[in-house]
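Structure assessment
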Amino acid sequence: MDRETLALADRHFRGLGGGVPGVGQAPGRVAFVSEPGAFSYADFVRGFLLPNLPCVFSSAFTQGWGSRRRWVTPAGRPDFDHLLRTYGDVVVPVANCGVQEYNSNPKEHMPLRDYITYWKEYIEGGYSSPRGCLYLKDWHLCRDFPVEDVFTLPVYFSSDWLNEFWDALDVDDYRFVYAGPAGSWSPFHADIFRSFSWSVNVCGRKKWLLFPPGQEEALRDRHGNLPYDVTSPALCDTHLHPRSQLAGPPLEITQEAGEMVFVPSGWHHQVHNLQELCAVQEEVIMRSCSGINFEEFYHFLKVIAEKRLLVLREAAAEDGAGLGFEQAAFDAGRITEVLASLVAHPSFQRVDTSAFSLRPKELLQQLREAVDAAVAP
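Residues numbered from 1 in each chain as written. Predicted model: local features only at pLDDT ≥ 70, side-chain atom pairs only at ≥ 80, totals over all residues. Heavy atoms only, no water.

**Comments concerning the overall build of the chain**
- Check the secondary structure of the chain and you find eleven helices and 13 strands.
- Expressed as a percentage of the 377 residues in the chain, the buried residues total 53%.
- Considering only contacts in the chain between residues 6 or more positions apart, those separated by 24 or more positions represent 80%.
- Accessible surface, the chain as shown: approximately 16900 Å² in total, 51% of it carbon and sulfur. (Helix = DSSP H or I, 4+ residues; strand = E, 2+ residues; numbered from the N terminus. Buried < 20%, exposed > 50% of the residue type's maximum accessible area, 1.4 Å probe, protein only. Contact = heavy atoms within 4.5 Å. Areas by Shrake-Rupley, 256 points an atom, 1.4 Å probe, with all protein chains shown as cover.)

**Examining the side chain of Lys-206**
- On the secondary structure map, Lys-206 appears in strand 9 (residues 206-211).
- A polar atom in the side chain of Lys-206 sits 3.4 Å from the side chain of Ser-199.
- Not counting residues up to four positions away in its chain, the partners in contact with Lys-206 are Tyr-135, Ser-199, Asn-201, Ile-253, Thr-254, Gln-255, Val-271, His-272, Asn-273, Leu-274, Leu-277 and Ala-279. (Polar contact = N/O pair within 3.5 Å; in protein donor to acceptor, adjacent residues only side chain to side chain.)

**Notes on the nonpolar core**
- Counting residues in each nonpolar core, the largest one holds 92 residues, and the members touching the most others are Phe-57 and Trp-71.
- The next biggest cluster of nonpolar side chains, apart from the first, holds ten residues, and it includes Trp-208, Leu-251, Ile-253 and Val-261. (Core = buried A, V, L, I, M, F, W, Y, C linked by side-chain atoms within 4.5 Å.)

**A few points about the sheet that holds strand 7 (residues 185-189)**
- On the basis of which strands lie adjacent, the open sheet formed by four strands has the order 7-12-9-10 and antiparallel pairing. The strands lining the two open edges of the sheet, one partner per strand, are strand 7 and strand 10 (251-255). The sheet shows a mean angle of 15° between the axes of neighbouring strands, direction not considered.
- Relative to strand 12 (residues 268-273), strand 9 is paired through six bridges, and the arrangement is antiparallel. By the bridge assignment for strand 12, Leu-210 is matched with His-269. (Pairing = 2+ DSSP bridges. Axes fitted to C-alpha atoms, helices over the stretch in contact; angles between N-to-C directions.)

**What about the packing of helix 8 (residues 294-314) against helix 9 (residues 325-344)?**
- Running from N to C, helix 8 and helix 9 point in directions that differ by 150°, and their axes come no closer than 9 Å. The angle between helix 8 and helix 9 falls in the class roughly antiparallel. Of the two elements, helix 8 crosses helix 9, and the hand of that crossing is left-handed. Every residue of helix 9 that contacts helix 8 at Phe-294, Phe-297, Tyr-298, Leu-301, Ile-304, Ala-305, Arg-308, Val-311 and Leu-312 is listed here: Phe-325, Ala-328, Ala-329, Asp-331, Ala-332, Ile-335, Val-338, Leu-339 and Leu-342.
- Partitioning the contact of helix 8 with helix 9 into residue classes produces 16 nonpolar, no polar and two charged. (Parallel < 35°, antiparallel > 145°, perpendicular 65-115°, else oblique. Left-handed = near helix turned anticlockwise from the far one by under 90°. Nonpolar A, V, L, I, M, F, W, Y, C, P; charged D, E, K, R; others polar.)

**What about the packing of aromatic side chains?**
- A full pass over the atoms with the stated rule returns 35 aromatic pairs.
- When the centroid spacing of 6.1 Å and the interplanar angle of 15° are considered together, the rings of Phe-297 and Phe-300 count as stacked. Highlighted residues: Phe-297 and Phe-300, both in helix 8, separated by three residues, approximately one helical turn. Taken as a pair, Phe-297 and Phe-300 share a single burial class, namely buried.
- Through a chain of ring-to-ring contacts, the aromatic side chains of Phe-39, Phe-44, Phe-48, Phe-57, Phe-61, Trp-65, Phe-151, Tyr-156, Phe-157, Phe-196, Trp-198 and Phe-262 assemble into a single cluster. (Phe/Tyr/Trp six-rings, centres within 6.5 Å; stacked < 30°, edge-to-face > 60°.)

**Quick look at the pattern of salt bridges**
- Counted according to the given criterion, the structure contains eleven salt bridges.
- For Glu-276, the salt bridge identified is with Arg-77, shortest N-O distance 3.1 Å. Placement of the pair is Glu-276 in the loop between strand 12 and strand 13 (277-284) and Arg-77 in the loop between helix 3 (66-70) and helix 4 (80-87), with a sequence separation of 199 residues.
- The partly exposed category is assigned to Arg-77, whose relative accessible area is 38%. (Salt bridge = Lys/Arg side-chain N within 4 Å of Asp/Glu carboxyl O.)

**Focus: helix 5 (residues 112-124)**
- If you check helix 5, its first and last C-alpha atoms are 18 Å apart, about what 13 residues at 1.5 Å a residue would give, namely 18 Å.
- The set of residues buried in helix 5 consists of Leu-112, Tyr-115, Ile-116, Tyr-118, Trp-119 and Tyr-122. Buried residues in helix 5, looked at end-on, bunch into an arc of 160°, giving them a common side. (Expected span 1.5 Å × (residues − 1). Arc of directions from axis to C-beta.)

**A few points about the packing of helix 9 against helix 11 (residues 360-375)**
- Packing of helix 9 against helix 11 leaves a shortest axis separation of 9 Å and a crossing angle of 145°. Our pair here, helix 9 against helix 11, has a crossing hand that is left-handed. Here Phe-325, Ala-329, Ala-332, Gly-333, Ile-335, Thr-336, Leu-339, Ala-340 and Val-343 of helix 9 lie close against helix 11, whose contacting residues are Pro-360, Lys-361, Leu-363, Leu-364, Leu-367, Arg-368, Val-371 and Ala-374.

**What about unusual backbone geometry?**
- The phi torsion at Asn-52 lies on the positive side, around 60°, for a residue other than glycine.
- Of note, Asn-52 is situated in the loop between helix 2 (41-49) and strand 2 (55-57).

**Things to note about the side chain of His-82**
- As for its placement among the helices and strands, His-82 is situated in helix 4.
- Once you skip the residues sitting within four places of it in the chain, His-82 turns out to touch Arg-70 and Trp-71.

**Section: the pairing of strand 6 (residues 175-180)**
- Counting buried positions along strand 6 gives six out of six residues, so the element sits mostly inside the fold.
- Residue alternation in strand 6 divides its side chains into two sets, Arg-175, Val-177 and Ala-179 and Phe-176, Tyr-178 and Gly-180, and both sets are buried.
- Inspection of the sheet shows strand 5 (residues 134-139) paired to strand 6 by two bridges, in the antiparallel sense. When the sheet's bridge partners are listed, Leu-136 is paired in strand 6 with Ala-179.

Next up, the structure:
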């Protein structure tokens, strides 16, 4: 990020006043980014990150990935032999797409070789099986095999607070592998903590149905529940879904092999696999979290803040995560806004912070001083 883009981003978020960008109707079509050499990080920030809009990156952005070289046959199909040799005994999570459990699918665990046996039988059976349509989902391959050359982190997503936090704790991550036959799918949802995410098809094709933030409210049923399947005829039942006619049509994307989809913050979506699929997905957080308590959330912010403060104080060109000075200033500004809101929250004010290694107000003051110095002319 250059200083001009940093200044633009700062003005953008000040103008929001704490609101969420991108609320409203979906654009008429998704933008397609074809050439890596002609598309900078600043282009991404200006065109998609700040306005909170989706886009698709061409397969040229992922052509050097190890997974694209090794996981795919010359015919463009999953290389079952390689996957069996490399990961056959690994136990993986598998969801049953034909069974609804609340607004998701129940999962079981099995060795990858058993899942691949099922997958082959499913294809031979005309894409049908008495066991239903099983989908390998949320496999933490990169966490369990850190030396494996699966993917190269795109520069556009190098500021990754959520995975940076979990990497610091060395206990978890939000990098996932998905694999499954045509017909497997993921029900309607938004990504964890309303983060943005990116997803690459190593092989196969996917259909995405995306709704911008706020549109999902019109899809709720009369009990306030979000739909499980936005393609269900039940959404036409105005007694059950009284506001469904107020929702605009989804933005539809067909993602081809090698392409990378950027899913912005808060966009609900549903995904269908049209051909045999191997995919890598990473969820990235740049806005406030939900689903964790106040103390945990403060610790999360503190880990990221201290790393960004180190970059700003040393005026380093790059830190260990490959983040430049301007990017560190951008992140610090966003953390400052979230932390200020947290400190002012009545529930957080009841948390005993006396044992914290750095008190929240002290951290907030350090951030404000660092950000002011960074954006000063």
